[in-house]
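Chain by chain, the residues run as shown.
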2 protein chains.
Amino acid sequence: MNSNNVTIYDVAREAGVSMATVSRVVNGNPNVKPTTRKKVQDAIDRLGYRPNAVARGLASKKTTTVGVIVPDISNIFFADLARGIEDVATMYKYNIILGNSDSNRDKEIHLLNTLLGKQVDGIIFMGGRLHEDLVNEFKKSPVPIVLAATLNQGYDLPAVNIDYEQAAYDATEMLIGHGHKQVGFITGPLEQQINGEKKFSGYRRALDDAGLPFRESDVVLGNYTYASGLEAMQKMLERDDCPKAIFAGTDEMALGVIHAIQDAGFSVPNDFEVVGHDNTRLATMIRPKLTTVVQPMYDIGAVAMRLLTKILNAEEIEEKNVVLPHRIERRDSVRQD
Amino acid sequence: MNSNNVTIYDVAREAGVSMATVSRVVNGNPNVKPTTRKKVQDAIDRLGYRPNAVARGLASKKTTTVGVIVPDISNIFFADLARGIEDVATMYKYNIILGNSDSNRDKEIHLLNTLLGKQVDGIIFMGGRLHEDLVNEFKKSPVPIVLAATLNQGYDLPAVNIDYEQAAYDATEMLIGHGHKQVGFITGPLEQQINGEKKFSGYRRALDDAGLPFRESDVVLGNYTYASGLEAMQKMLERDDCPKAIFAGTDEMALGVIHAIQDAGFSVPNDFEVVGHDNTRLATMIRPKLTTVVQPMYDIGAVAMRLLTKILNAEEIEEKNVVLPHRIERRDSVRQD
DNA sequence: CACGCTATATAAAACGTTTCCAATTGGAAA
DNA sequence: TTTCCAATTGGAAACGTTTTATATAGCGTG
């Protein structure tokens, strides 16, 4: 009845074969005579046998489980990524142990060690910044680690990203193309390389290429949230030389920006143009609908997990550092050309 | 160097004790002389020993891992819940294996069996509807299962929820209190008991108590998404007898409703009043800010996990069926009294 | 009809812990 | 000193698989 506690041994006895044979049929090993296979299968069904994955893991040294470290699963961005990971994990018969790090170095390291202790077959890591200590732990890892939406800061780790620099360039360039001589940039903490180096330098490069001056005051730091976007824009609006075009580092901040503008009595896109980043579901949940850089979160997760399975199966890998394409989804927060 | 493949046996040899003793110090068993403990600890540090959780799980029959089944982690609602679960899980030294079911019965059952095969110590389940087949599997489960934000449809399972019926009543009553003789109700699929029975009956009860007639046409079904809320409201607006007060079953649908109203040239809250449900972050990311029923998702997750730990530790449990308080967060999508 | 294969099946040794029980040790009491 | 009991430690058997090496059966061949 209780499918619990019936072991491979019980099945073997029931079927009148050895446990090795049962193991073979359970694992689909072809070296079993069809009649024997059937006999065993019947016994399995009759007893309601369910293989113990823990014992299996101990004997085979494979757990068909991978660890996933995210800063915060309640963030829509990582939730989407996680879904991509889980979907292809399921496809390849893996399960996911999920942990939140809050981008905190100690939690990251602790989580990593817990995961390794649990003998995961591999790990997918997301985080704003790769602390040196963490990378040292990575290097000691007996299992492969792949980065998702996380820059490989000069370390030789497999990673899946988009070209953030170019994406920021494209967004800024589009705004400049609409005649703006000044573009505001509201982004996340600069110590996270993705903001501080990639997006920022894409922004600057677009300015430079257009022969526009860079003004320190046109870049304002937020913390990715709606509230921080709102506040950043409010501050900007107080200035006499406030830019009329804004590139926000996340959609959520972009929504804050738009509302700040509207609250001040201006119109988007007539008075101000705004472009966001990520193309989360939020982008269409605002009026005007948000023009945004699409970063395919789900795909990044899916591709990262697929890459991990390739590594685990020792398949041929053409490129360890995959860069997915990005594009700009034009909606109503910018004027039509 | 490679902290891998050093076993308890290696540590025992290095420290000149038996593996039983090493096991004791690793597990914090007090029956070890301080000097011995130190000796062992040094050996552990020197060798970089990390206990193998799989072996440990096999020997002790405890994995300190719990399974979490959600319909879709990329849904902000479940993501929040999951975060609550994970946080208290971490607090109690558990890890989380996360799986998405898409509320699909077969996936739910398959996931459940996979999780049991992995010998999780317990399971937290979220889903719209408890299929009978699933419940039968639940009954056979050798480990405890607790429901989170999921109605315990007459089955005797531990569960954590809010009082959906009363919440819907409160929301509807508030709207009626503002003078409306007609209240629209835009909700999710009625076959999910939470909508079909609880919220719906709360809505009706409020109508009844106010002596207002119930009109079939005032309730429209959506699928929880922004788009479905938008569409439902658009349809409603075409009618001559369109209600001027709307209670939406989720915040996301409520946003759609507000935009549909605004797109039609009306004002919220002057022409129409809207209240949502859940109090997700979305509620403040719209103008006017959304008045909504607060369902504490994070807390539900946290409490569910805490309840599970109590069951696992065989602690005293005052109430298996916990009902968390709800309230209405008044913002700007309804008029002030 | 014995021989040598191949295809199957078995036995037993890992895998790395925990845990029960027995053995040893250390001190305090006698 | 002995004696005893409590504190500490050690030995070895589980835990439920996979896997390797070995055995057995069946069968076509010469």
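No experiment lies behind these values; they were computed from the predicted model shown.

Q: Got a minute to help me understand the sheet that holds strand E10 (residues 291-294) of chain A in this structure?
A: In sheet architecture, strand pairing relies on hydrogen bonds along the backbone and comes in two forms, parallel and antiparallel. Residues and elements named next belong to chain A. Spatially, E7-E6-E8-E9-E10-E12 is the arrangement adopted by the six strands of the open sheet, whose pairing is mixed. Of all strands in the sheet, those with a lone pairing partner are strand E7 (219-221) and strand E12 (327-329), marking the two edges. Going from strand to strand, the sheet's axes swing by 20° on average, the running direction of each strand aside. Of the pairings in the sheet, the one linking strand E9 (residues 273-278) to E10 comprises four bridges and is parallel in character. Residue pairing for E10: His 277 is matched across the bridge by Val 293. Against the sheet, helix H11 (residues 251-263) engages strand E6 (184-187), strand E8 (245-248), E9 and E10, with an angle of about 160° to E9.

Q: Help me understand the packing of aromatic side chains in this model?
A: What characterises a pair of aromatic rings is the spacing of the ring centres plus the angle enclosed by the ring planes. Following the criterion strictly, the structure yields 18 aromatic pairs over all chains and no others. Ring centres of Phe185(A) and Phe200(A) lie 6.5 Å apart, and the angle between their planes is 25°; this geometry places the pair in the stacked category. Of this pair, Phe185(A) sits in strand E6 while Phe200(A) sits in helix H9 (residues 193-209), and the two are 15 residues apart along the sequence. Here Phe185(A) matches Phe200(A) in class, with each residue buried. One aromatic cluster in this structure is built from Phe185(A), Phe200(A), Tyr203(A), Phe214(A) and Phe247(A). Lying across the ring of Phe214(A), Arg204(A) places its NZ or CZ 4.2 Å from the centre. Arg205(B) extends its terminal NZ or CZ atom over the ring of Tyr169(B), reaching a point 4.1 Å from the ring centre.

Q: What exactly am I supposed to notice about the protein's contact with DNA strand D here?
A: Neighbouring DNA strand D are 27 residues; Ile8(A), Met19(A), Ser23(A), Arg24(B) and Thr36(B) lie closest to it. Ile8(A) places a main-chain nitrogen or oxygen 2.6 Å from a phosphate oxygen of DNA strand D. Thr21(B) places a side-chain nitrogen or oxygen 2.9 Å from a phosphate oxygen of DNA strand D. Of all elements in the fold, only helix H2 (19-26) and helix H4 (53-60) of chain A together with helix H2 (19-26) and helix H4 (53-60) of chain B reach the threshold of two or more residues within the surface near DNA strand D. Take the surface near DNA strand D: its biggest share by element is four residues, from H4(A).

Q: Help me understand the pattern of salt bridges in this model?
A: For side chains bearing opposite charge, pairing can occur when the charged atoms are close. Considering all chains together, one arrives at 41 salt bridges over all chains under this definition. In this structure, the salt-bridge partner of Arg306(A) is Glu315(A), at a minimum N-O distance of 3.3 Å. We classify Arg306(A) as partly exposed; its relative accessible area is 23%. For the salt bridge of Asp133(B) with Arg105(B), the shortest nitrogen-to-oxygen distance reads 2.5 Å. Pair noted here: Asp133(B) is in helix H7 (residues 132-140) and Arg105(B) is in helix H6 (residues 105-117), with a separation of 28 residues, a long-range link. Classification of Asp133(B) as partly exposed rests on a relative accessible area of 34%. Here Arg105(B) falls in the partly exposed class, since its relative accessible area comes to 32%. Here the salt bridges do not stand alone but share partners, grouping Asp72(A), Asp102(A), Lys107(A), Arg83(B) and Asp87(B) into one network.

Q: I'm lost on the nonpolar core in this one. Help?
A: Within soluble globular proteins, side chains that are nonpolar tend to cluster in buried spots. Core analysis: the largest hydrophobic core is formed by 108 residues, its most contacted members being Leu81(A), Met126(A), Met305(A), Leu81(B), Met126(B) and Met305(B). What Leu81(A) contacts, discounting residues up to four positions off in sequence, is Met126(A), Ala148(A), Ala149(A), Met297(A), Ile300(A) and Gly301(A). Counting 51 residues, the second-largest nonpolar core is a separate cluster that includes Met236(A), Cys242(B), Ala283(B) and Leu290(B).

Q: Explain the protein's contact with DNA strand C to me, please; I cannot follow it from the model alone.
A: Near DNA strand C, the surroundings consist of 27 residues, among which Arg24(A), Thr36(A), Ile8(B), Met19(B) and Ser23(B) are the closest. Take the atoms of DNA strand C that sit within 4 Å of the protein: sugar and phosphate atoms are 63% of them. Thr21(A) has a polar side-chain atom sitting 3.0 Å from a phosphate oxygen of DNA strand C. For DNA strand C, a phosphate oxygen lies 3.2 Å from a polar atom in the backbone of Lys33(A).

Definitions and cut-offs
- Residues numbered from 1 in each chain as written.
- Chains lettered and ligands numbered in written order.
- Predicted model: local features only at pLDDT ≥ 70, side-chain atom pairs only at ≥ 80, totals over all residues.
- Heavy atoms only, no water.
- Pairing = 2+ DSSP bridges.
- Helix = DSSP H or I, 4+ residues; strand = E, 2+ residues; numbered from the N terminus.
- Axes fitted to C-alpha atoms, helices over the stretch in contact; angles between N-to-C directions.
- Contact = heavy atoms within 4.5 Å.
- Phe/Tyr/Trp six-rings, centres within 6.5 Å; stacked < 30°, edge-to-face > 60°.
- Buried < 20%, exposed > 50% of the residue type's maximum accessible area, 1.4 Å probe, protein only.
- Lys NZ or Arg CZ within 6 Å of the ring centre and 35° of its normal.
- Near = heavy atom within 4 Å.
- Polar contact = N/O pair within 3.5 Å; in protein donor to acceptor, adjacent residues only side chain to side chain.
- Salt bridge = Lys/Arg side-chain N within 4 Å of Asp/Glu carboxyl O.
- Core = buried A, V, L, I, M, F, W, Y, C linked by side-chain atoms within 4.5 Å.

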